[in-house]
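Chain residues, written in single-letter form:
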Amino acid sequence: MADSRLAATLASIQTNNAWTIEQQTSICEIPAPPFGEAARGKEYARRLAALGMEEVRIDSEGNVISRLPGSTASKPLIVFSAHLDTVFPEGMDVHVKREGKRLTGLGIGDDCRGLAVVLAVGKALRENKPQFKGTVLFVATVGEEGQGDLRGVRHLFTKELKGQVDAFISVDGTGFRITSRGVGSNRYLVSYKGRGGHSYGAFGMPNPAHAMGRAIARIADIEVPQNPRTTFNIGTVKGGTSVNSIPIEVSMEVDIRSESPKELAALDERLRAALQFGLEAEKKRWPNSQAALELEIKNIGSRPAASPGDDLPIIQAAFGAAKALKIPAFATGSGSTDSNLPMSLGIPAVTIGGGGRSPNAHSIDEWFEEGDDAYRAPQMAALLVAMLAGK
Ligand SMILES: [Zn+2]
């Protein structure tokens, strides 16, 4: 805090608050549905280049990567990032509406705020040039949200920057929060398939809907620990063709989560046992039927769980930055963000909020209010980046 260039960096972040909000709004008006982030990525790359970032490029997965020049060494290598994608499908109206201090728009908090914070920090560091040792990569990732299954950050850590990154910071969403643990999840599309037939005429054969019902009843009764928090959900149930037909196929989507890799694996095993039970019990119900009944389990998403612990230096640095800026009410928590991937590889990682308020992320009336202290989040981010890059 005594470093005059760093102090100037923090001051200019506050001065540039309106610029940051403008970035947040305009970037958000470029659609970025899952697997369709290219237009937003291209514009984001252009803005990073305009700030004077070096070696701006878009990798083969679609991540935008750029390098902050002026460092005296290549190590440590810090990745400072936000995610490009939203949860909203193609074709939705991405216009941002401003009413007083409230901005309403798809993804305006998650993660247009994060994208704006990354730009704000980049601008302030470029203009005020505090000296630090390492190199900072300013990055925007693709595929953070559900269906994307962390494909962007996975590509970064397993291919593009494999073995090179010393610390990872993600700015995701709003508020003043530090996410130090990664919730792991497995997602499945489960199908039961049979021969099907007339409800009256073909009665007496295994029914895929009945098999799935038996499995659901088992799953609903699974006991999970509260700590580490472990959860399960059957989110969709589909199938059948008419009320008087034995269905040929029924399916459901299941999501299981835990902060602990061990608990996630244990729950996964119990889930599979319940699914198998549904199949066997329904077959047994009709021992004389020749009709087949099959179970298919398709993985549609996996995020690794990790709980590195709050004594990790990167978490302590985040707390230190918050404390130095007198940012109130910080809590560490667990989340499902880009940081899950590096955390699971043992690379120090943290996800921080971008400031402001946006309580209804992922909903079609998502809004953001900056309040009077949202700028303190990019200030904290800048301080954290400087601390990790080293003097
Ligand atoms: Zn997000």
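The shown structure was predicted, so the numbers you read here are calculated from the model rather than taken from an experiment.

### Things to note about the overall build of the protein
Link 1 in the chain: Along its length, the protein carries ten helices and 17 strands.
Link 2 in the chain: In terms of principal-axis extent, the alpha carbons of the protein reach across some 85 × 40 × 40 Å.
Link 3 in the chain: Across the 391 residues that make up the protein, the buried fraction comes to 47%.
Link 4 in the chain: Of all intrachain contacts in the protein linking residues separated by at least 6 positions in sequence, the fraction that spans at least 24 positions is 80%.

### A closer look at the nonpolar core
Link 1 in the chain: In this structure, Phe80, Ala381, Leu384 and Val385 are the most contacted members of the largest nonpolar core, which totals 94 residues.
Link 2 in the chain: Formed jointly, this core draws a minimum of three residues from each of two domains, domain 1 (4-182 + 305-389) and domain 2 (184-303).

### So, the sheet that holds strand E2 (residues 64-67)
Link 1 in the chain: Pairing in this open sheet of eight strands is mixed, and the strands run E1-E2-E6-E3-E7-E16-E8-E15 from one edge to the other. Sheet topology places strand E1 (54-58) and strand E15 (332-335) at the edges, where each strand pairs with a single neighbour. This sheet shows a mean twist of 25 degrees between the axes of neighbouring strands, independent of strand direction.
Link 2 in the chain: As defined by bridge partners, strand E3 (residues 77-83) adjoins strand E6 (residues 135-141) across seven bridges and the pair is classed as parallel. Counterpart to histidine 83 in the pairing with E6 is threonine 141.
Link 3 in the chain: Against the sheet, helix H8 (residues 313-324) engages strand E7 (167-171), strand E8 (178-182), E15 and strand E16 (349-352), with an angle of about 30 degrees to E16.

### Concerning the domain arrangement of the protein
Link 1 in the chain: Domain boundaries in the protein define domain 1 (4-182 + 305-389) and domain 2 (184-303).
Link 2 in the chain: Once you take the C-alpha centre of each, domain 1 and domain 2 turn out to be 38 Å apart.
Link 3 in the chain: Listed as interface residues are nine residues of domain 1 and, on the opposing side, eleven residues of domain 2.
Link 4 in the chain: The residue inventory of the side of domain 1 that touches domain 2, partitioned by class, reads two nonpolar, five polar and two charged.

### Notes on the sheet that holds strand E4 (residues 97-99)
Link 1 in the chain: Read across the sheet, three strands follow the order E4-E5-E17 without closing on themselves; strand pairing throughout is antiparallel. Edge positions in the sheet fall to E4 and strand E17 (367-369), since each has one partner strand and no second. The mean inter-strand angle of the sheet, taken between neighbouring strand axes irrespective of direction, is 20 degrees.
Link 2 in the chain: Looking at chain direction, strand E5 (residues 102-104) and E17 are connected through three bridges and run antiparallel. Counted as the bridge partner of arginine 102 is glutamate 369 from E17.

### A look at the pairing of E8
Link 1 in the chain: With five of five residues buried, E8 lies mostly within the body of the structure.
Link 2 in the chain: Summarising the sheet, E8 and E16 pair through two bridges and their orientation is antiparallel. In the strand pairing of E16, threonine 179 is matched with threonine 351.
Link 3 in the chain: Both E8 and E15 contribute to a ladder of four bridges, which runs parallel. Within E15, the position partnered with arginine 181 by the bridge is serine 334.

### Concerning helix H3 (residues 38-50)
Link 1 in the chain: The end-to-end C-alpha separation of H3 is 18 Å, in line with the 18 Å expected for 13 residues at 1.5 Å each.
Link 2 in the chain: What H3 keeps buried is the set Arg40, Gly41, Tyr44, Arg47 and Leu48. Buried positions in H3, seen along its axis, are confined to an arc of 125 degrees and lie on one side of it. In this structure, H3 carries Ala39, Arg46 and Ala50 as exposed residues pointing more than 90 degrees from its buried face.
Link 3 in the chain: Elements that come into contact with the buried residues of H3 comprise helix H2 (17-28), E1, E2, helix H4 (112-128) and E6.

Each value, and the rule that gives it
- Throughout this document, residue positions are counted from 1 along each chain, in the order its sequence is written.
- Predicted model: local features are reported for residues with pLDDT of at least 70 only, side-chain atom pairs are reported and counted for 80 or more only, and whole-chain, interface and lining totals are derived from all residues.
- Secondary structure elements are defined from DSSP: runs of H or I of at least 4 residues count as helices, runs of E of at least 2 residues count as strands, and each element is numbered from the N terminus.
- With C-beta atoms placed from the backbone, the exposure class of a residue follows from how many other C-beta atoms lie within 10 Å of its own: 20 or more, buried; 12 or fewer, exposed; in between, partly exposed.
- Throughout, a pair of residues is in contact if the C-beta atoms placed from their backbones lie within 7 Å.
- The nonpolar core is taken to be a set of buried Ala, Val, Leu, Ile, Met, Phe, Trp, Tyr and Cys residues joined by way of C-beta atoms within 7 Å.
- Either an automatic procedure or a domain database provided the assignment from which the domain bounds are taken.
- Here, any two strands with at least 2 DSSP bridges between them count as paired.
- Here an axis means a line fitted to C-alpha atoms, over the contact stretch when the element is a helix, while the angle between two N-to-C directions is reported on a 0 to 180 degree scale.
- Gly is placed with the polar residues, together with every amino acid not listed as nonpolar (Ala, Val, Leu, Ile, Met, Phe, Trp, Tyr, Cys and Pro) or charged (Asp, Glu, Lys and Arg).
- A helix is expected to reach a length of 1.5 Å times the quantity of its residues less one.
- It is the directions from the helix axis to the C-beta atoms that the arc portrays.

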